[in-house]
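# Topology and contacts: notes
Residues per chain are reported as follows:
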2 protein chains.
Amino acid sequence: MDFTLEDISDDEMARRRAVFEPLVASVRELVDAVIRTEVGDEVIAEAQRTVAGVVDSLRAHQMDGAYGVRYTSRMVGMAWGNAAMGMRNALAPPVYSEREGNAVRAEFTLGAAYEGPPGHVHGGVCALVLDQVLGEAAAADTEASYTGTIEFRYRRPTPLGQLVARAEIVERNGRKKTVRGTLSDAGGVTVEAQGLFIVPKSPPAL
Amino acid sequence: MDFTLEDISDDEMARRRAVFEPLVASVRELVDAVIRTEVGDEVIAEAQRTVAGVVDSLRAHQMDGAYGVRYTSRMVGMAWGNAAMGMRNALAPPVYSEREGNAVRAEFTLGAAYEGPPGHVHGGVCALVLDQVLGEAAAADTEASYTGTIEFRYRRPTPLGQLVARAEIVERNGRKKTVRGTLSDAGGVTVEAQGLFIVPKSPPAL
C-alpha cells in the first residue's frame, strides 16, 4: 500500500481546493437531483447527453487508477479521493472531523442520496461515517493503526438530516487501541460503535 | 417509517428504468472523472457551469424530500434512492443481490470513488456493501427484520476492483436471526461480517 509524496505549497493546495470545490459541490447536487427529479423523459435524456459530454472533457487528461493518499513533505495529507471525506469525491457527505479534547467530532448533513429505510439513513452509511470518525480518533494519538474489528449497535433508525459523529480512544493495550463512538441526531444517540485498532509492527512506507 | 404504494405496471417500471439508467451511469462516470481528472482549471470551471445548468433543469420539477421505498400492489419493491443499490442513486456501486440456494450473493466493481487506503476500498464502504447484503440475506426467509448489531472483521485490505459479497442466515432464535457474510476478491475473503437481525412485533405499515 503506497502513500504518495506530492510536495506542493500551502498556496498551491488552496488554489486546487478553490478550483475543485465548486465542481464537486455541483456534482453532489446533481446526484441528489437525479434521485428526486420529476421532469419529463426528454429533459432526462438531454441531461444524460450533457453529462456524458462533461465526462469526456474531464477524461481528456486523467490519472491511471484511483487518487491515492498523498502527503506533502510537511506531512499535510491529501486524501482527496476518500469515500467519506475526500475533497474531490462527490460521494463523500463529506465527513470532516475536528479535535474536541481527546475526542474527534464531525458534523454533517445526509440528504436523499444516503437513504436506506424511507426517510432514514442507510445502516451501511451510518457504518461508513462512523468507520471514518473512529479511524480518525484512533489516529489522534498520532500513532497510525488499522481497523481490526468494528461493531455497530443500532439503537433506533437515524433520520436523514443534520447529524453528529463523535469518537475517542477508551483503552490502549500494547499494539491494540479500543475506540468508541456514536452517531447522533438532535434527539440523541442513534448508533453506537466500538472498534479495535491495531498498530502495525512497522509504520506504512511513505 | 412509511413505505409508499405506487401502483405502476411492469411495463411502466421498465420504461422508467430505461429513461434513468443511462443518466445514472453517466453521473457515476462523472463522479469518477472528477476525482481522476488532470485537465486545466478552465475546463474544470466550464464543467462546473455545465453541471450546475443540468441540476437546474432537473430541479425544475422535483419531489419533496427523499425518494423513499415504494411498492406496487404486487409487492414489487422500488428502493430506487437506496444508497447501496438504488437504480437512481449514482452513489450506489450498485450492489444487486441474487439468491444462491439459501444465501444471497452480489458481484460488483468498486472504482476510485470507493477508496480509503491507497488503491484499496474504504473500510466503511466494505461495511456499507456488507450491511446491504446481510440485510437482504436476513429478509430471504421472507420475514422482514431490522439490524440490531453488525460486526466486521477486517482480515486484510480489500483492493479496488471486482468483488463478491455473500451472506446467509446461520441461526434463528425466536425473533432473532443471526446472519453471516463475507466480502472477497479473487484471492479469497477480505472482510467477515456477522449481524443480529430482529423481527419486529408488528410488520412495517405499507
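Residues numbered from 1 in each chain as written. Chains lettered and ligands numbered in written order. Predicted model: local features only at pLDDT ≥ 70, side-chain atom pairs only at ≥ 80, totals over all residues. Heavy atoms only, no water.

## Thoughts on the sheet that holds strand 2 (residues 70–71) of chain A
Residues and elements named next belong to chain A. Read from one edge to the other, the open sheet built from 3 strands follows the order 1-2-3, with strand pairing classed as mixed. The outermost strands of the open sheet, each flanked by one partner alone, are strand 1 (4–5) and strand 3 (77–78). Note: strand 2 against strand 3, 2 bridges, orientation antiparallel. When the sheet's bridge partners are listed, Y71 is paired in strand 3 with G77. (Pairing = 2+ DSSP bridges. Helix = DSSP H or I, 4+ residues; strand = E, 2+ residues; numbered from the N terminus.)

## With respect to the interface of chain B and chain A
In this complex, chain B contributes 79 residues to the contact, which on the side of chain A involves 79 residues. Here chain B and chain A share an interface that buries about 7,200 Å² over both sides, 66% of which is from carbon and sulfur atoms. Our count for the contact surface shared by chain B and chain A stands at 6 salt bridges. Two residues, R59 of chain B and E29 of chain A, come together in a salt bridge whose shortest N-O distance is 2.7 Å. The interface formed by chain B and chain A contains 39 residue pairs in polar contact (both at pLDDT 80 or more). When contributions to the side of chain B that touches chain A are tallied by element, the ones reaching two or more residues are helix 1 (10–36), helix 2 (41–59), helix 3 (123–138) and strand 6 (146–154) of chain B. Considering each element in turn, the side of chain B that touches chain A owes the most residues, 16 residues, to helix 1 of chain B. Looking at the side of chain B that touches chain A residue by residue, the class counts come to 44 nonpolar, 21 polar and 14 charged. Inspection of the sheet shows strand 6 (residues 146–154) of chain A paired to strand 6 of chain B by 5 bridges, in the antiparallel sense. Within the sheet, the bridge partner assigned to E151 of chain A lies in strand 6 of chain B and is E151 of chain B. (Contact = heavy atoms within 4.5 Å. Buried area = accessible area lost by both parts, 1.4 Å probe. Salt bridge = Lys/Arg side-chain N within 4 Å of Asp/Glu carboxyl O. Polar contact = N/O pair within 3.5 Å; in protein donor to acceptor, adjacent residues only side chain to side chain. Nonpolar A, V, L, I, M, F, W, Y, C, P; charged D, E, K, R; others polar.)

## Structural notes on helix 3 of chain B
Taking 1.5 Å as the rise per residue, helix 3 of chain B with 16 residues should run 22 Å; its terminal C-alpha atoms sit 22 Å apart, in good agreement. In terms of residue burial, helix 3 of chain B counts as a mostly covered element, since 14 of its 16 residues are buried. (Expected span 1.5 Å × (residues − 1). Buried < 20%, exposed > 50% of the residue type's maximum accessible area, 1.4 Å probe, protein only.)

## Let's talk about the relation of the copies chain B and chain A
Mapping chain B onto chain A is achieved by rotating through 180° and translating by 0.0 Å along the same axis, at an RMSD of 0.0 Å. The symmetry that links the two subunits is that of a two-fold axis. Across chain B, the rotation axis passes nearest the C-alpha of E151 of chain B, at a separation of 2.1 Å. An overlap of 100% is found between the interface residues of chain B and their copies at the interface of chain A, pointing to a shared contact surface. (Least-squares fit on C-alpha atoms with pLDDT ≥ 70 in both.)

## Comments concerning the nonpolar core
L30 and F152 of chain A together with L30 and F152 of chain B are the most contacted members of the largest nonpolar core, which has 118 residues in total. Not counting residues within four places of it along the chain, the set of residues in contact with L30 of chain A comprises V51 of chain A together with V27, L30, V51, V54, V55 and L58 of chain B. (Core = buried A, V, L, I, M, F, W, Y, C linked by side-chain atoms within 4.5 Å.)

## Let's talk about the sheet that holds strand 3 (residues 77–78) of chain B
Taking strand neighbours across the sheet as the criterion, the 3 strands line up as 1-2-3 (chain B) in an open arrangement whose pairing is mixed. Across the chains shown, the open sheet's two edge strands, defined by having one partner strand only, are strand 1 (4–5) and strand 3 of chain B.

## As for the UniProt feature "domain: Thioesterase" (unreviewed entry) in chain A
Within this numbering scheme, the UniProt entry marks residues 119–190 of chain A as carrying the feature "domain: Thioesterase" (unreviewed entry). Helix makes up 22% of residues 119–190 of chain A and strand makes up 49%, while its end C-alpha atoms are separated by 14 Å. (UniProt positions renumbered as here; feature names shortened; annotations may be inferred.)

## Focus: the packing of helix 1 (residues 10–36) of chain A against helix 2 of chain B
Two elements in contact, helix 1 of chain A and helix 2 of chain B, have axes separated by 9 Å at closest approach and are oriented at 25°. As summarised for this structure, helix 1 of chain A and helix 2 of chain B are arranged roughly parallel, according to the angle between their axes. The handedness of the crossing between helix 1 of chain A and helix 2 of chain B comes out as left-handed. Counted by class, the contact of helix 1 of chain A with helix 2 of chain B contains 15 nonpolar, 2 polar and 6 charged residues. (Axes fitted to C-alpha atoms, helices over the stretch in contact; angles between N-to-C directions. Parallel < 35°, antiparallel > 145°, perpendicular 65-115°, else oblique. Left-handed = near helix turned anticlockwise from the far one by under 90°.)

## Focus: the pairing of strand 9 (residues 188–198) of chain A
All names here are of chain A. Sheet topology note: the strand 6/strand 9 ladder contains 8 bridges and is antiparallel. In the strand pairing of strand 9, I150 is matched with G195. Sheet topology places strand 8 (residues 176–185) next to strand 9; 10 bridges connect them, and they run antiparallel. What sits directly across from L183, in strand 9, is V191. Between strand 8 and strand 9, which pair antiparallel one after the other, the connecting turn spans 2 residues.

## Examining helix 2 (residues 41–59) of chain A
A rise of 1.5 Å per residue sets the reference length of helix 2 of chain A, with its 19 residues, at 27 Å; its end C-alpha atoms lie 27 Å apart and thus fit the reference within 8%. Inspection of helix 2 of chain A places I44, A47, V51, V54, V55 and L58 of chain A among the buried residues, and these make up the whole buried set. Taken end-on, helix 2 of chain A shows its buried residues confined to a sector of 100°, consistent with a single buried face. Residues of helix 2 of chain A that are exposed and point more than 90 degrees away from the buried face comprise E42 and D56 of chain A. Those residues of helix 2 of chain A that are buried lie in contact with helix 1 of chain A together with helix 1 and helix 2 of chain B. (Arc of directions from axis to C-beta.)

## Let's talk about the environment of D2 of chain A
Residues and elements named next belong to chain A. Tracing the backbone shows D2 in the segment before strand 1. For D2, a relative accessible area of 60% translates into the label exposed. Separated by 68 residues in the primary sequence, D2 and R70 have C-alpha atoms spaced 9.3 Å apart.

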